[in-house]
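# Survey of secondary and tertiary structure
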Amino acid sequence: MSLAETPHPAACPACVAAPAAEELAAHAKLPEGPGTVQLSLPTIHCAACISAVERGLASTPGVRTARVNLTLKRVSIDTEPGTPVEDLIARIEGLGYEAHELDAAALSATETDRRGRDLLMRLAVAFFANMNVMLLSVAVWSGAEGVTRDMFHWISAAITIPAVIFSGQPFYASAWSALRVRRLNMDVPISLAIVLAVALSLWETSLSGKHAYFDAALSLTFFLLLGRYLDYRTRASARSAAQELTALEVPKAWRLRDGAEVQVRVNDLAVGDLVRVRPGGRIPVDGVVVEGTSEIDRSLMTGESLPVFAGPDAAVHAGEVNLTGPLSLRVSATGRDTALHRIADLVAVAESGRTNYNSLADRMARAYAPVVHILAAATFIAWMWVSGGDARLSLNIAVATLIITCPCALGLAVPAVTTAASGRLFRKGLLIKDGTALERLAEVDTVVFDKTGTLTMGLPEPLDLDMLSRRDIEAALALADASSHPLAKALVKAGRRAGLRPGPATDVTEVPGYGVEGIVRDERARLGRAAWVGADGVAQTATYLRLGSAEPIAIRFADSMRPGAEQAIEELRAAGKRLILMSGDSDAAVRDFARRIGIDEAVSEALPEDKARMVADLAAEGRKVLMVGDGLNDTAALAAAHVSISPATALDAARVASDIVLMGKDLSALGDAALTAVSARARIKENFTISTIYNVVAVPIALLGFATPLAAALAMSLSSITVSLNALRVR
Amino acid sequence: MDVLIWLIPVSLFLGGLGLAGFFWALRKGQFEDPEGDSRRILNPDYDEKPKD
């Protein structure tokens, strides 16, 4: 999947989830007829799970075959046409495993699979050829003479030439594309060394010379391909996990037409259609409420933690969540015209502000590549002059220099470290989406947090329940029990934890958008919004209880903290970072929360533009900002920051804009990530030093003409092995 | 040293056989689910995959 092909300015060029999301948006039709359904099974882990799921599905009507892939934790099911996916999910959940539908369109991973297989094949050929040529070379090094040596060289040539042509293609292609725009990259000296070494060895062999560098050319190809493959694998696993996140959100909506509800893809909706949104569902499009009342959770869009009322003629936006009652909407904008997508322009602007980051490897290559060429050319000219025009000798020495200085270890140094570090972080639940994200994370000195949904779970918790009288609590619990509103559910949960029982209540009914009412002890009781109950609202998230004609009581809520949030803040502060809380929520809520979690700097009621601007201002002061956020209002700031992290529960747009995605619920991995990043950067720099030391030792030997193919092979293998082992020290 | 005339082609052929075997396994998708395959071997069920 080529990033260069995405024409929209909104898609950030660095992130791997973008093409998946774009592809998802482009996909217009529901798959019809017999099809393969892909389900994600995050909890399967054993041999028994495989057979339980496969056997369970095989006995489900409509299923032809089912095959579990334990590595990807997925099952692909071949179904009869018209088999509802919900049945399959229910069946697996009945067996005790979690199951989520994956959008097949977003998972078209065949292209990336093909690339990985291609690289692995070239690697295998290089390995095979290298081992055989090495064996032949050992005979030559240990003193094969005359005809035997020539025969061995010819056989080596016969193996090397096709192998190098096939296996080296990734380098030639990359070097050529750099040269075409008159630039140098690492692949230019690599390609030059491979091609020159083979050409010179062929010439030497035809003159029955002593030295041939066939084995050097092949080990160079092999080690560098290994680095390339490691690099590819790290990216591919991040990409497939990012794709899976995108694919989990199957964009479907219920369209109302002639009184019937039909499930359609969001892309098939047109302006003016009627759409039904059930309680608990995410609103798929921008629209105006036609029928029904409910409350809307806008926290992902604006950072407000307080649900707002929605009744007829209220405007709602894609991405908001409908809480209590069913709503019918008339679509006013779809797809790219929705508020959700308009924010993308903001992201594009913020991104152009992000300075073009040069990775350590790039900087090293830029300094290194010219030196290699100049050194080799100078050696050739100098030896031509010293030897009085002996082109064969001069070329031999020049090629030896080129092979020894060739950035073999450099090509392995970065991928080996990134593979080790991102593997470590992946086990802790952090998904590194961008190749240079770790290096950038290591430089961070300021951390900006969003509040709602990032440091908090977006799950409210009732405060001071014990301040209420037993009678009030029991009445409140009895009413709350009948509702699925998040505040009501939180109340019931907290009551149960405190060992309180709901009191007796009759005629309990939920009035969507307002609250719950019923009869408690022969009195009319209401629990719900301030205005409906007849109370004066307080500034915080609260629900209000009124028993008969008594004064209404406010039950206040605070957002529960995300697990590990305090630990993460603690660790980051200990590491000497400046911490800032930046939220779109009301001033009181933000200040209260900042005090609870222990952040001194807090900004409240920040609009998306404000957040992005503040991050940009910090960057202008020379600070390296890490932005942690999840909402649409954070998206522009995420893109503007030096490096950004978002939780997996974040909105798709926010995940796309960030470099690292946090897979689990726990935030405590954040502190670890910062430490691992610093250690990874240290390892990369050490690796550069190690390979430079090898060069400093070996280059004078090569320049003086003492380098033999044996010395070249030894230097190359030793430096490659040292840097790989050093990479494993990342912690 | 005449034996080299036989030994070198024979060793190359055997190496090539290994390489061909690797390609075959790669194309058959035997590296797609290493985790699962290592567990399936403990499974008493008859497994007809890969069938083609």
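Everything below is about the structure shown above.
First things first, this report covers the structure right here in the doc. Note that this is a predicted model, so its numbers are computed, not measured. (Residues numbered from 1 in each chain as written. Chains lettered and ligands numbered in written order. Predicted model: local features only at pLDDT ≥ 70, side-chain atom pairs only at ≥ 80, totals over all residues. Heavy atoms only, no water.)

### Considering the overall build of chain A
Tallying secondary structure elements over chain A gives 25 helices and 26 strands in all. When the 731 residues of chain A are sorted by exposure, 53% land in the buried category. When contacts within chain A are restricted to residue pairs at least 6 apart in sequence, those whose partners lie at least 24 apart make up 69%. Taken as a whole, chain A presents about 31400 Å² of accessible surface, with 58% of it coming from carbon and sulfur. (Helix = DSSP H or I, 4+ residues; strand = E, 2+ residues; numbered from the N terminus. Buried < 20%, exposed > 50% of the residue type's maximum accessible area, 1.4 Å probe, protein only. Contact = heavy atoms within 4.5 Å. Areas by Shrake-Rupley, 256 points an atom, 1.4 Å probe, with all protein chains shown as cover.)

### Here's the deal with the overall build of chain B
Secondary structure summary: chain B contains two helices and zero strands in total. Considering chain B as a whole, with its 52 residues, one finds that 19% of them fall into the buried category. Just so you have it, chain B exposes about 4200 Å², and 66% of that area is on carbon and sulfur atoms.

### Some details on the packing of aromatic side chains
Residue and element names in this part refer to chain A. Scanning the entire structure with this criterion turns up five aromatic pairs over all chains. Ring geometry for Phe309 and Tyr514: centres 4.8 Å apart, planes at 45 degrees, overall tilted. With Phe309 in strand β10 (residues 308-310) and Tyr514 in the loop between β17 (506-511) and β18 (515-520), this residue pair connects regions lying 205 residues apart in the sequence. Measuring from ring centre to ring centre gives 6.3 Å for Tyr514 and Trp532, while their planes differ by 40 degrees; the resulting arrangement is tilted. Remark: Trp532 occurs in helix α18 (residues 530-533) and Tyr514 occurs in the loop between β17 and β18; sequence separation between them is 18 residues. Accessibility expressed as a relative area gives 15% for Trp532, which makes it buried. (Phe/Tyr/Trp six-rings, centres within 6.5 Å; stacked < 30°, edge-to-face > 60°.)

### Digging into the nonpolar core
Residue and element names in this part refer to chain A. Counting residues in hydrophobic clusters, the biggest one holds 108 residues, and the most contacted among them are Tyr213, Phe449 and Leu455. Setting aside anything within four residues of it in sequence, one finds Phe449 in contact with Leu455, Ile569, Leu572, Leu579, Ile580, Leu581, Met582, Ile599, Val628 and Leu670. Listed in part, the 23 residues of the second largest apolar core include Leu465, Ala476, Leu500 and Ala525. (Core = buried A, V, L, I, M, F, W, Y, C linked by side-chain atoms within 4.5 Å.)

### A word on helix α17 (residues 486-497) of chain A
All names here are of chain A. An ideal rise of 1.5 Å per residue puts 16 Å on 12 residues; α17 measures up with 16 Å between its terminal C-alpha atoms. All of the buried residues along α17 are Leu487, Ala488, Ala490, Leu491, Val492, Ala494 and Gly495. Following α17 by one or two positions, Gly499 has its phi on the positive side, about 80 degrees. (Expected span 1.5 Å × (residues − 1).)

### Structural notes on the sheet that holds β10 of chain A
All names here are of chain A. With respect to topology, three strands assemble into an open sheet ordered β10-β9-β12, the strand pairing being antiparallel. One side of each edge strand has no neighbouring strand; the edge strands of this open sheet are β10 and β12 (321-322). In this structure, strand β9 (residues 294-297) lies alongside β12, joined through two bridges in antiparallel fashion. Counted as the bridge partner of Ile296 is Asn322 from β12. (Pairing = 2+ DSSP bridges.)

### A look at the interface of chain A and chain B
A common way to state how big an interface is: give the accessible area lost once the parts meet. Taken together, the contacts link 25 residues of chain A with 22 residues of chain B. The largest per-residue losses of area from chain A upon contact with chain B belong to Arg67, Arg117 and Phe128 of chain A, which jointly make up 27% of the total buried on that side. Our enumeration of links across chain A and chain B arrives at one salt bridge. Across the pair Glu54 of chain A and Arg40 of chain B runs a salt bridge, and its minimum N-O distance is 2.9 Å. (Buried area = accessible area lost by both parts, 1.4 Å probe. Salt bridge = Lys/Arg side-chain N within 4 Å of Asp/Glu carboxyl O.)

### Digging into helix α19 (residues 565-574) of chain A
Residues and elements named next belong to chain A. Here α19 has its buried residues at Ala565, Ala568, Ile569 and Leu572. What you see down the axis of α19 is that its buried residues fit within an arc of 100 degrees, all on one side. Facing away from the buried side of α19 by over 90 degrees, the exposed positions are Glu570 and Ala574. Looking at the buried side of α19, the elements it contacts are β15 (446-449), α15 (451-455), β21 (553-561), β22 (578-582), α20 (587-597) and α24 (669-703). Just beyond α19, the residue with positive phi is Gly576, at close to 85 degrees. (Arc of directions from axis to C-beta.)

### Quick notes on the pairing of strand β6 (residues 260-265) of chain A
Residue and element names in this part refer to chain A. Note: strand β5 (residues 252-257) against β6, six bridges, orientation antiparallel. Paired with Leu256 across the two strands is Glu261, which belongs to β6. Between the end of β5 and the start of β6, which pair antiparallel, lie two residues, with Asp258 showing a positive phi angle near 50 degrees.

### Considerations on the sheet that holds strand β8 (residues 286-291) of chain A
All names here are of chain A. If you walk across this open sheet you meet the six strands as β6-β5-β7-β13-β8-β11, and the pairing is antiparallel. Looking at the sheet topology across the chains shown, the edges are occupied by β6 and β11 (315-316). Here β5 runs beside strand β7 (residues 274-277); their pairing, made up of three bridges, is antiparallel. By the bridge assignment, Trp254 is partnered in β7 with Arg276.

### Examining the pattern of salt bridges
Residues and elements named next belong to chain A. On inspection of all chains with the given rule, the structure shows 22 salt bridges over all chains. Of the charged contacts, one joins Arg64 and Glu80 as a salt bridge, the two residues approaching to 3.5 Å between their closest N and O atoms. Of this pair, Arg64 sits in strand β2 (residues 63-69) while Glu80 sits in the loop between β3 (74-79) and α3 (85-94), and the two are 16 residues apart along the sequence. With relative accessibility at 42%, the residue Arg64 sits in the partly exposed group. What makes Glu80 partly exposed here is its relative accessible area of 35%. When the shortest N-O distance is used, the salt bridge between Glu517 and Arg526 registers 3.0 Å. Residue class for Glu517 comes out buried when judged on its relative accessible area of 13%. Among the residues examined, Arg526 registers a relative accessible area of 27% and is labelled partly exposed.

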